[in-house]
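Residue-level structural notes
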Amino acid sequence: SETQTVIHRGTGGVVFSDASGFTALTEKLAKKSNGAELLSQCLTSFFTPLIDLINAYRGDTIKFSGDALTIYFPSVDDTKCSTFNGIVPPHGSYGVPDLGPMATAVLRSSACCIEIHKRLHMFDTGVDGVRLCLHIGIGCGEIKILQVGGEVPPETHVPRMEYLISGAPLEQIAVAE
């Protein structure tokens, strides 16, 4: 039923980020005796700051898909939070009026993407000149987070579940990419 499949309804910013260059990286590393170790180091060096940035901007990583990820920046009314001091608005610019929850979520997701791009676009993997190039798309609006699956693979005997986002922001991202 839909009540079991849809685990969250909300509004906010959605980001899809894809890094090209992983195929070239894995092909080069496959030829090295310590390729698996080097790949692990490279992935840690790339994804750790990426996840740290997402968390710093209050994004939720919903799904990893190989070298891509989907991130949700929920639209939240921070003025209702007990720590809101009434002086500096949620977007962080003193003297500028509050933008509202949706605009703040879009601002937060956009600022996060700019920072990700500055720090990680053309990321030097340290492997034979291979660089990772980022492609990022942003959308906003109403979303549903779905929990799908439930099939039991024979090798694990444990139901496998996936989380997906659906809604207009994904269509906007597809156009942006």
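Here, the structure is the one placed above.
Described in the following lines is the structure provided in the data block. Computed from a prediction, not measured in an experiment: that's the story for all the values here. (Residues numbered from 1 in each chain as written. Predicted model: local features only at pLDDT ≥ 70, side-chain atom pairs only at ≥ 80, totals over all residues. Heavy atoms only, no water.)

Notes on the nonpolar core
Definition in use: We call a set of buried Ala, Val, Leu, Ile, Met, Phe, Trp, Tyr and Cys residues a nonpolar core when their side-chain atoms join them within 4.5 Å. Partly exposed residues are those whose accessible area sits between 20% and 50% of the maximum for their type, while under 20% is buried and over 50% is exposed, using a 1.4 Å probe and protein chains only. Put simply, DSSP H or I for four residues or longer makes a helix, DSSP E for two residues or longer makes a strand, and each gets a number counted from the N terminus. What makes two residues a contact is simply this: any of their non-hydrogen atoms within 4.5 Å.
Grouped together as the largest cluster of nonpolar side chains are 23 residues, with contacts concentrated most on Phe-22, Leu-25, Phe-46, Leu-50, Ile-54, Ile-116 and Leu-120. At the level of secondary structure, the elements contributing two or more residues to this core comprise strand E1 (6-20), helix H2 (22-30), helix H3 (35-56), strand E3 (68-74), helix H4 (101-120) and strand E5 (131-151). Broken down by element, this core gets its largest block of residues, six residues, from H3. Sequence-distant contacts of Leu-120, that is, excluding residues within four places in its chain, are made with Phe-46, Pro-49, Leu-50, Leu-132 and Leu-134. Ranked by size, the runner-up nonpolar core spans seven residues in total, among them Val-14, Tyr-72, Ile-143 and Ile-165.

A closer look at the side chain of Ser-109
Among the structural elements, Ser-109 can be located in helix H4. Relative accessible area serves as the criterion here: at 0%, Ser-109 is assigned to the buried category. When neighbours within four sequence positions are excluded, Ser-109 is seen to be in contact with Gly-13, Val-15, Phe-73 and Ile-138.

Focus: the pairing of E5
Each regular strand carries side chains that alternate between the two faces of the sheet. Our working rule: Strand pairing is defined by DSSP finding a minimum of two bridges between the two strands.
Judged from the 14 bridges that link them, E1 and E5 form a sheet pairing that is antiparallel. Looking across to E5, one finds that Ala-19 is bridged to Leu-134. Taken together, the two bridges between strand E4 (residues 123-124) and E5 define a ladder with antiparallel strand orientation. Among the inter-strand pairings, Phe-123 is bridged to a residue of E5, identified as Leu-132.

Here's the deal with a nonpolar patch on the surface
For clarity, the threshold we go by: What goes into a patch is any residue over 30% in relative accessible area without a salt bridge, connected to like charges within 9 Å or, for nonpolar side chains (Val, Leu, Ile, Met, Phe, Trp, Tyr), within 5 Å. In these tables, accessible area is a Shrake-Rupley quantity obtained with a 1.4 Å probe, and a residue counts as shielded only by the protein chains included in the view. For salt bridges, the criterion is a side-chain nitrogen of Lys or Arg within 4 Å of an Asp or Glu carboxyl oxygen.
A grouping of Val-96, Leu-99 and Leu-107 is seen on the molecular surface, where their side chains present a nonpolar patch of about 230 Å² in accessible area. Mapped onto the secondary structure, Val-96 falls in the loop between E3 and H4.

Brief notes about the packing of H3 against H4
Keep this limit in mind: Between N-to-C directions, angles cover 0 to 180 degrees, with each direction set by a line fitted to C-alpha atoms, over the stretch in contact for helices. If an angle is under 35 degrees, it is roughly parallel; if it is over 145, roughly antiparallel; if it lies from 65 to 115, roughly perpendicular; otherwise it is oblique. Less than a right angle of anticlockwise turn of the near helix away from the far helix marks a crossing as left-handed, whereas a clockwise turn marks it as right-handed. Nonpolar residues are Ala, Val, Leu, Ile, Met, Phe, Trp, Tyr, Cys and Pro. Charged residues are Asp, Glu, Lys and Arg, and all others, Gly as well, are polar.
Following both chains from N to C, one finds H3 and H4 inclined at 160 degrees, their axes separated by 10 Å at the closest point. As the angle between them shows, H3 and H4 are arranged roughly antiparallel. Pair H3 / H4 crosses with right-handed handedness. Where H3 approaches H4, its residues Phe-46, Pro-49, Leu-50, Leu-53 and Ile-54 are matched on the opposing element by Cys-112, Glu-115, Ile-116, Arg-119 and Leu-120. Of the residues in the contact of H3 with H4, the class split is eight nonpolar, no polar and two charged.

With respect to the environment of Asp-98
If you trace the backbone, Asp-98 turns up in the loop between E3 and H4. Accessibility expressed as a relative area gives 37% for Asp-98, which makes it partly exposed. Spatially, the C-alpha atoms of Asp-98 and Thr-79 are 8.7 Å apart, while their sequence positions differ by 19 residues.

Some remarks on unusual backbone geometry
At Arg-58, a residue that is not glycine, the phi angle is positive and equals roughly 65 degrees. Position of Arg-58 relative to the elements: it lies in the loop between H3 and strand E2 (60-65).

Quick notes on H4
Structurally, the α-helix is built with 3.6 residues per turn, so residues lying three or four positions apart point the same way. To be explicit about the condition: The span one expects for a helix is its residue count, reduced by one, times 1.5 Å.
Taking 1.5 Å per residue as the helical rise, H4 with its 20 residues ought to reach 28 Å, and the 28 Å between its terminal C-alpha atoms agrees with that figure. What H4 keeps buried is the set Thr-104, Ala-105, Arg-108, Ser-109, Cys-112, Cys-113, Glu-115, Ile-116 and Leu-120. On its buried face, H4 is in contact with E1, H3, E3, E4 and E5. Immediately beyond the C-terminal end of H4, within one or two residues, lies Met-122, with a positive phi of roughly 60 degrees.

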